[in-house]
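# An overview of the molecular structure
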Amino acid sequence: MALAEADLGDIGLAATIEALKPSLGRGCTRFKMAKKNTKPQAKTVQSSSAAAGDVVMADGEPLNLRNRYLAAFLAWIIPGAGHYYQRRYFKAAVFFVCIISSFLIGMLVAGNRCVYASWNQTEVRWQYVLQAGIGLPAMPAAYQAWRIRSNEDPIGTFMVAPRHTWTLDSWHRETASGFDMGTLYTMIAGLLNILAVFDAYAGPLPPPLPKSKSPKKGEDPDPESADVKQPDAASSS
Amino acid sequence: MESEPWIISTSWLYLFLYLPLMIAVSMVIGATRHEQTPLIIRQSLRTAVWVTSFMLVIYVVLQFVSLVFV
């Protein structure tokens, strides 16, 4: 630490890093990134906060989102992966378990047939747009559709779109309402993952402010509602 | 053909499909609102109760319409 400070040769930067250390946890990698910035003081302090990641306020405490773009991408690819990267382990587990289990239950009740991509005369499968929100688990369907479009045989039958309408009819008949329920489950799983992506990118969405009564003259506004306001100023800097 | 008086005429077992979906939705919504675990759990419970109540109200209205007007 002392060596790094000496290398930086910048007291302002060192103080900024010290202030950010608690929110960084084991911030060795971040610290190395800050070490590269040895330019004039004003720019260096600014870049040190960028190297430390975007810090937003959540539940009254600073939250380091690290590289928010990478986190959002990881969150889309695998539910919870972006939060794991941000060291938000409980939320990563919640997102992974809830979203993946919804997707798997949907696949189960529909007999592994409800996720496929199709945009032709047989069916315009707009539901896949929402299902694709879950990222990697729904990608085989896009690959299979691409193979069919390229006049190649699909690999196996997993996530392959029905070739004819009567095939689709038979799927509905065989699974009873399971096909529709499975489609619903997988669509909701994709939508939930989009919420998780936003959470990885920008932190938790503040709950709506309660309707506070207008304070009387000479009376302080409700301190609790004031706490609920979560400034996002730190992230914009 | 005798009409079924209750809307849920297929099987009550279908209602069990609601449970995992409700748990997943309320937990994810709770987790996107808060960062601390107790607050996430509390928000999830609140969401689950709210959505369930809303669905019950819709069910009662539809059942009423079904019994009275159909």
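Counting from 1, residues in each chain are numbered in the order their sequence is written. Just so you know, chain letters begin at A and ligand numbers begin at 1, following the order they were written in. Note on the predicted model: pLDDT of at least 70 is required for a residue's local features to be given, and 80 or more for side-chain atom pairs to be given and counted; whole-chain, interface and lining totals, by contrast, use all residues.

## Regarding the overall build of chain A
Stated formally: For the purposes of this entry, the term helix denotes a DSSP run of H or I that reaches at least four residues, the term strand denotes a run of E that reaches at least two, and both are numbered from the N terminus. As a rule, residues whose C-beta atom has 12 or fewer other C-beta atoms within 10 Å are exposed, those with 20 or more are buried, and those in between are partly exposed; C-beta atoms are placed from the backbone. Contact criterion: two residues are in contact if their C-beta atoms, reconstructed from the backbone, are within 7 Å.
Secondary structure assignment for chain A yields 13 helices and 2 strands. Counting every position in chain A, which comprises 237 residues, the buried fraction comes to 35%. Taking the contacts inside chain A whose residues are at least 6 apart along the sequence as the reference set, 59% of them involve residues at least 24 apart.

## Structural notes on the nonpolar core
Stated precisely, the cut-off is as follows: Think of a nonpolar core as buried Ala, Val, Leu, Ile, Met, Phe, Trp, Tyr and Cys residues, each tied to the set through C-beta atoms within 7 Å.
Formed by 50 residues in total, the largest nonpolar core has its most connected members in Ile99(A), Leu192(A), Ala196(A) and Val28(B). When residues of this core are traced back to their parent elements, those giving at least two are strand S1 (55-58), helix H5 (68-77), helix H7 (89-109), helix H9 (139-149) and helix H11 (178-202) of chain A together with helix H1 (18-31) of chain B. The element contributing the most residues to this core is H11(A), with 11 residues. Not counting residues within four places of it along the chain, the set of residues in contact with Leu192(A) comprises Cys98(A), Ile99(A), Ser102(A), Ala24(B), Val25(B) and Val28(B).

## Remarks on the packing of H11(A) against H1(B)
For clarity, the cut-off: Where helices are involved, their axes are fitted lines through C-alpha atoms of the stretch in contact, as for all axes, and angles between N-to-C directions lie from 0 to 180°. Note on angle classes: values under 35 degrees are labelled roughly parallel, values over 145 roughly antiparallel, values of 65 to 115 roughly perpendicular, and the remainder oblique. When residues are sorted by character, Ala, Val, Leu, Ile, Met, Phe, Trp, Tyr, Cys and Pro go into the nonpolar class, Asp, Glu, Lys and Arg into the charged class, and all the rest, Gly among them, into the polar class.
The N-to-C vectors of H11(A) and H1(B) enclose an angle of 10°; their axes lie 10 Å apart at closest approach. Classified by the interaxial angle, the pair formed by H11(A) and H1(B) is roughly parallel. Contacts from Tyr185(A), Ile188(A), Leu192(A), Leu195(A) and Ala196(A) of H11(A) reach H1(B) at Leu21(B), Ala24(B), Val25(B) and Val28(B). Considering only residue class, the contact of H11(A) with H1(B) consists of 9 nonpolar, no polar and no charged.

## Here's the deal with the packing of H1(B) against helix H2 (residues 37-69) of chain B
Residues and elements named next belong to chain B. As a reminder, the rule being used: Crossings are assigned a handedness: left-handed for a near helix turned anticlockwise from the far helix by less than a right angle, right-handed for a clockwise turn.
Axis separation between H1 and H2 bottoms out at 8 Å; the angle between their running directions is 130°. Classified by the angle their axes make, H1 and H2 are oblique. For the element pair H1 and H2, the recorded crossing hand is right-handed. Touching Met22, Ser26, Met27, Ile29, Gly30 and Ala31 of H1 are Ile40, Ile41, Gln43, Ser44, Thr47, Ala48, Val51 and Thr52, all from H2. A breakdown of the residues in the contact of H1 with H2 according to their chemical character gives 8 nonpolar, 6 polar and no charged.

## Overview of helix H10 (residues 165-175) of chain A
Of all the 11 residues making up H10(A), 0 are buried; the element is thus mostly uncovered. Looking one or two residues beyond H10(A), the residue adopting positive phi is Ala176(A), at roughly 55°.

## A look at the confidence of the model for chain A
All names here are of chain A. Filter applied, for reference: Residue-level confidence of the predictor is what pLDDT reports, using numbers from 0 through 100.
On average, residues of chain A carry a pLDDT of 77, and 67% of them reach 70 or more. Low pLDDT, under 50, characterises residues 1-17; the predicted model gives this stretch 23 contacts beyond four residues in sequence or across chains. In the predicted structure, residues 222-237 sits below a pLDDT of 50 and forms 21 contacts with residues beyond four places in sequence or in another chain.

## Examining the pairing of S1(A)
Residue and element names in this part refer to chain A. Worth spelling out the cut-off: DSSP calls a pair of strands paired once it identifies at least 2 bridges connecting them.
Burial along S1 is one-sided: Val56 and Ala58 are buried, while Val55 and Met57, pointing the other way, are not. Here S1 runs beside strand S2 (residues 61-64); their pairing, made up of 4 bridges, is antiparallel. The residue bridging Ala58 from the neighbouring strand is Glu61, located in S2. Here S1 folds back onto S2 in antiparallel fashion, the turn holding 2 residues, of which Asp59 has a positive phi close to 55°.

## Details of the environment of Ser177(A)
With respect to the helices and strands, the residue Ser177(A) is situated in the loop between H10 and H11. Between the C-alpha atom of Ser177(A) and that of Val109(A), which follows or precedes it by 68 residues, the distance is 8.7 Å.

## Structural notes on the interface of chain A and chain B
Interface size is often expressed as the accessible area that is lost when the parts come together. Contacts between chain A and chain B engage 22 residues on the former and 15 residues on the latter. For the side of chain A that touches chain B, the secondary-structure elements that each account for two or more residues are H7 and H11 of chain A. Of all the elements, H7(A) adds the most residues to the side of chain A that touches chain B, at 9 residues. Residues that form the side of chain A that touches chain B fall into these classes: 17 nonpolar, 2 polar and 3 charged.

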